[in-house]
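Structural overview for review
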Amino acid sequence: MSTDEFEARLEAFRGDLPAVRPNARTVAAALDTPDCRRRRILEAASVDKSELARHLGHPIPAAQSPFALRRGNLFESAVKENGDAHLIAELRKQIDLPIPATRHKDLSSSRARTKGLKEMKLRAKETQAALSLLLSEDPYAPNVLDHAVTSLEVGGSTVYLEQDALAHYTGNKLYVVEIKSFPVINNQVDPVKLRPATRQAAVYILSLQQTLARMGHSPEKVATDAVLICPRNYDLTPTSATLDTRQELRGLRRQLDRAASVSELEALLPQGLTLSAADTEHCAEAVEQLPNAYRPACLDSGCELAYYCRSRARDAGETVALGTPVRQAFGPVDMIDDVLAMADSGIAPSRYEQDLAADLIHMQKLYRAAGGGAA
Amino acid sequence: MESIEGLSARINQLQNEANEALARGDVDALTRIREHLQAAERQRNRVWEEALASASSPSPPHSPGSRAEGPEESLPVVTPTTARDAVRMALTDVGAPLDPKQIQLWGTAKYRTSFATSRAVYSLRRDEQRAWRQNPDGRFFYICPAISHDTLAPARAALTVSTWDDEDRILSPYTPRVAYLKLVLATAAAVKECPAAGPGDRRQLEVLLAKLARPLPNLPPRLADPAVVGEVAESELALIATADEDIRRASLERLAALSDEQRLFGQPLKVHSTSRRHA
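The shown structure was predicted, so the numbers you read here are calculated from the model rather than taken from an experiment.

1. Description of the overall build of chain A
Scanning chain A from N- to C-terminus turns up 15 helices and 8 strands. If you line up chain A on its principal axes, its C-alpha atoms span 80 × 50 × 40 Å. Here chain A holds 375 residues, and the buried ones make up 37% of them. When contacts within chain A are restricted to residue pairs at least 6 apart in sequence, those whose partners lie at least 24 apart make up 62%.

What follows is the structure, encoded as structure tokens:
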């Protein structure tokens, strides 16, 4: 089956549910749960998982507040207003961009009227054309690329990512610019916010490296330092820093190697399976046909279906629904009923679980002695 | 067309609904209501403009066209829709393609107008092409998009005036920076020319200059001395102006080969082939 055909199948699978465009944040987060095939298939089909979770009756609280989103958009437009004036000023500070190197190209929407995936593909092509002009050292080639689109291969399927900006000048490396609206206060950044930002920058850098490699250029031409632009203190005045992403890049590459391949996903997606916005039961049945691997980490990695998967795990009586420490304590025994039976009978299913069974009996005795379970 | 009273009532109602949605924090509803509200407001503005045009067409041009002094006066204003005029004046003052936000900044600081909002300017662009199609000689000038030097497609945000030379309506990779520097220079010149006595005028321009100058290199902080800022902008402009002109001139021949409409409003791009067809 060709990639196009598989894409068509994925689109048919999505049915009438709304589509979302993946971004660096979702790509990085999905790589945190590499063994969940359900998430991979839903994301490959661009299914709006928060909408799906709502249909299934387990909505997640809004991921980002509308006010934070608005502030983010405001800050980005402040950085880019007046012909990227602030962006250029920060690039001059961070990567010594020469004064005349202010050639701008806007790749933020394709000039041809297209939508969705088609538009992203076209913009990716336009970005490639701009990049090859840039790397040919043409003196008039635009060197600040606004909203370039690069692509990343995840297990053989292509994810298109929109970059905030790319910058380059003759004889230097190509830099990824990331614009974030969390503030730098007294030259300090909240590390909780910096970590995902670094990770996202690494996703962008990796996709740019892959794009260059596909164009026949050396991925070495991409700087592993990203330029981060944030507001200073409490207003929208931009300030900047460079982020070293080498460690994150190594981690991402490792995770990408483990990601399920397209052929594997194809085999897992039953023929003719579709989601439907109108029919909740049908939707739930369809989702259940996709194998998942719920872990408490799913909640942290921003998967919108995490609440749904957790409730299914709880209904099924899996120890994992009780959290990581519980799951780890019970090792290979992953059903709650089995654990309780072992505690009552003291019989271990195999010799590997003898220690666990002994512990459980001991705990049961202590629990009874303390007056527990005396109904 | 709906009556003006009906429109006003609907706008009021939609505004109330929008406030309620905002209070609930219902972003989806707010987005939907806002779209309806904008459509209603556009319709109302059209009714107003039609009334104004029919009332004022025989009379000589009036404000704000007459408020400005200088070369603008040589262009007669035939159907004075105010946002349109503000756009033309800003573009003529600065002499480079500007985006709606820059036009708004300039209009607010120099002419203290509030009608040239980005939104009004964006819808203006669409209306102008429609008007041109109906009658290319119907207006003395049209507001046009700048035209990308490579694809000859309309640029996303930058605007120009149809009466400009072809080469001035082309957008090279340098042009957004050139336009910014020219806007800085125009603001610096306006601050210098503006009499300090004018009520509030000069202050507005100084605020704009300080805002615009902030990303310029080698300036002491909090400084908006028009002479110093002008010098910095001038010296950077000198480094790139020639290259900008060269690139724009190189596209002149290709632009001249297009149809009249495409020469003014750019040529639309199409996707020619898809991989599926070849598979």
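2. Description of the overall build of chain B
Along chain B, the regular secondary structure elements total 11 helices and 3 strands. Sequence-ordered secondary structure for chain B, helices as α and strands as β, is α-α-α-α-α-β-β-β-α-α-α-α-α-α. Put simply, chain B has 279 residues, and 33% of those count as buried.

3. Remarks on the sheet that holds strand 2 (residues 154-161) of chain B
Residues and elements named next belong to chain B. Strand order in the open sheet formed by 3 strands is 2-1-3, with mixed pairing between adjacent strands. Looking at strand neighbours, the two that pair on one side only are strand 2 and strand 3 (170-171), the edges of this open sheet. Relative to strand 2, strand 1 (residues 143-148) runs antiparallel, the two being bridged by 4 bridges. If you follow Cys144 over to strand 2, its bridge partner there is Thr160.

4. Brief notes about the packing of helix 5 (residues 66-95) of chain A against helix 6 (residues 175-193) of chain B
Helix 6 of chain B packs onto helix 5 of chain A with a crossing angle of 95° between their chain directions and a minimal axis gap of 9 Å. As judged from the angle between their axes, helix 5 of chain A and helix 6 of chain B are roughly perpendicular. When helix 5 of chain A is examined against helix 6 of chain B, the residues Asn82, Gly83, Asp84 and Ala85 of chain A are found in contact with a partner set consisting of Pro176, Arg177, Ala179 and Tyr180 of chain B. For the contact of helix 5 of chain A with helix 6 of chain B, the class distribution of residues is 4 nonpolar, 2 polar and 2 charged.

5. Comments concerning the interface of chain B and chain A
Every contact between the two is made by 26 residues of chain B and, on the other side, 27 residues of chain A. Elements represented by at least two residues in the side of chain B that touches chain A include exactly helix 4 (100-111), helix 6, helix 8 (226-250) and helix 11 (275-278) of chain B. Of the residues that constitute the side of chain B that touches chain A, the class distribution is 17 nonpolar, 3 polar and 6 charged.

6. What about the sheet that holds strand 7 (residues 225-231) of chain A?
Residue and element names in this part refer to chain A. Sheet architecture is open: 6 strands sit in the order 1-2-5-6-7-8, paired in mixed fashion. Each having just a single partner strand, strand 1 (104-106) and strand 8 (238-244) make up the two edges of the open sheet. Along the sheet, successive strands turn relative to each other by an average axial angle of 20°, direction set aside. Summarising the sheet, strand 1 and strand 2 (residues 144-146) pair through 3 bridges and their orientation is parallel. Within strand 2, the residue paired with His104 across the bridge is Val144.

7. Points about the nonpolar core
The tendency in soluble globular proteins is for nonpolar side chains to be buried as a group. Residues Val177 and Val203 of chain A together with Leu98 and Val184 of chain B are the most contacted members of the largest nonpolar core, which totals 105 residues. When residues in this core are grouped by element, the largest group, 11 residues, is from helix 6 of chain B. Setting aside anything within four residues of it in sequence, one finds Val203 of chain A in contact with Ala24, Val27, Ala28, Leu152, Leu161 and Leu252 of chain A. Among the nonpolar cores identified, the runner-up in size contains 24 residues, and Ile41, Leu42, Ala260 and Val320 of chain A belong to it.

8. Focus on the pairing of strand 8 of chain A
Residue and element names in this part refer to chain A. Here strand 7 runs beside strand 8; their pairing, made up of 7 bridges, is antiparallel. Across the sheet, residue Leu228 finds its bridge partner in strand 8, namely Ala241. Two successive antiparallel strands, strand 7 and strand 8, enclose a turn made up of 6 residues, where Asn233 displays a positive phi of approximately 50°.

9. So, the pairing of strand 3 (residues 149-154) of chain A
Note: strand 3 of chain A against strand 4 (residues 157-162) of chain A, 6 bridges, orientation antiparallel. Residue pairing across strands places Thr150 of chain A opposite Leu161 of chain A, the latter belonging to strand 4 of chain A.

10. Digging into helix 4 of chain B
Given a rise of 1.5 Å per residue, 12 residues ought to cover 16 Å, and the 15 Å separating the end C-alpha atoms of helix 4 of chain B matches this to within 8%. Just downstream of helix 4 of chain B lies Arg112 of chain B, where phi reads positive at about 50°.

11. Thoughts on unusual backbone geometry
A negative phi angle is the norm for most residues apart from glycine, just as the trans form is the norm for most peptide bonds. Residues and elements named next belong to chain A. In this structure, Asn187 is a non-glycine residue whose phi angle is positive, near 60°. The phi torsion at Asn233 lies on the positive side, around 50°, for a residue other than glycine. Along the chain, Asn233 falls in the loop between strand 7 and strand 8. Since 12 C-beta atoms lie within 10 Å of it, Asn233 is described here as exposed.

12. Here's the deal with the confidence of the model for chain B
All names here are of chain B. In this model, chain B carries an average pLDDT of 80, and 80% of its residues clear a pLDDT of 70 or more. For chain B, per-element mean pLDDT is lowest for helix 11, which scores 43, and highest for strand 3, which scores 94. Contacts from residues 56-81, a stretch scored under 50 in pLDDT, to residues over four places away or in other chains number 33 contacts. Every residue in residues 274-279 is under pLDDT 50, and counting partners more than four places away or in other chains gives 5 contacts.

13. Some remarks on helix 7 (residues 191-214) of chain A
Between its first and last C-alpha, helix 7 of chain A extends 34 Å over 24 residues, near the 34 Å set by a 1.5 Å rise per residue. The first or second residue beyond helix 7 of chain A is Gly216 of chain A, which carries a positive phi of 90°.

14. A few points about the packing of helix 4 of chain B against helix 5 (residues 118-134) of chain B
Residues and elements named next belong to chain B. Put simply, helix 4 and helix 5 touch, their axes get as near as 8 Å, and they point 125° apart. One way to sum up the angle between helix 4 and helix 5 is to call them oblique. Viewed along their axes, helix 4 and helix 5 form a crossing whose handedness is right-handed. Contact residues: Pro100, Lys101, Ile103 and Gln104 in helix 4; Ser118, Val121 and Tyr122 in helix 5. Its residues placed into classes, the contact of helix 4 with helix 5 shows 4 nonpolar, 2 polar and 1 charged.

15. Some points on the environment of Trp164 of chain B
Within the element layout of this structure, Trp164 of chain B appears in the loop between strand 2 and strand 3. In the structure, Trp164 of chain B is positioned 72 residues away from Thr92 of chain B in sequence and 9.2 Å away in space, judged by C-alpha atoms.

16. Notes on the environment of Pro238 of chain A
Counting through the fold element by element, Pro238 of chain A comes out in strand 8. For Pro238 of chain A, the contacting residues outside a window of four places in its chain are Val79, His86, Glu90, Ile229 and Pro231 of chain A.

17. A word on the environment of Thr237 of chain A
Residues and elements named next belong to chain A. Assignment of secondary structure puts Thr237 in the loop between strand 7 and strand 8. For the pair Thr237 and Pro183, spaced 54 residues apart in sequence, the C-alpha separation works out to 9.7 Å. Setting aside residues up to four positions removed in sequence, Thr237 forms contacts with Pro231 and Arg232.

Rules of the game
Residues numbered from 1 in each chain as written. Chains lettered and ligands numbered in written order. Predicted model: local features only at pLDDT ≥ 70, side-chain atom pairs only at ≥ 80, totals over all residues. Helix = DSSP H or I, 4+ residues; strand = E, 2+ residues; numbered from the N terminus. Buried ≥ 20, exposed ≤ 12 C-beta atoms within 10 Å, placed from the backbone. Contact = placed C-beta atoms within 7 Å. Pairing = 2+ DSSP bridges. Axes fitted to C-alpha atoms, helices over the stretch in contact; angles between N-to-C directions. Parallel < 35°, antiparallel > 145°, perpendicular 65-115°, else oblique. Nonpolar A, V, L, I, M, F, W, Y, C, P; charged D, E, K, R; others polar. Core = buried A, V, L, I, M, F, W, Y, C linked by C-beta atoms within 7 Å. Expected span 1.5 Å × (residues − 1). pLDDT = per-residue confidence, 0-100. Left-handed = near helix turned anticlockwise from the far one by under 90°.

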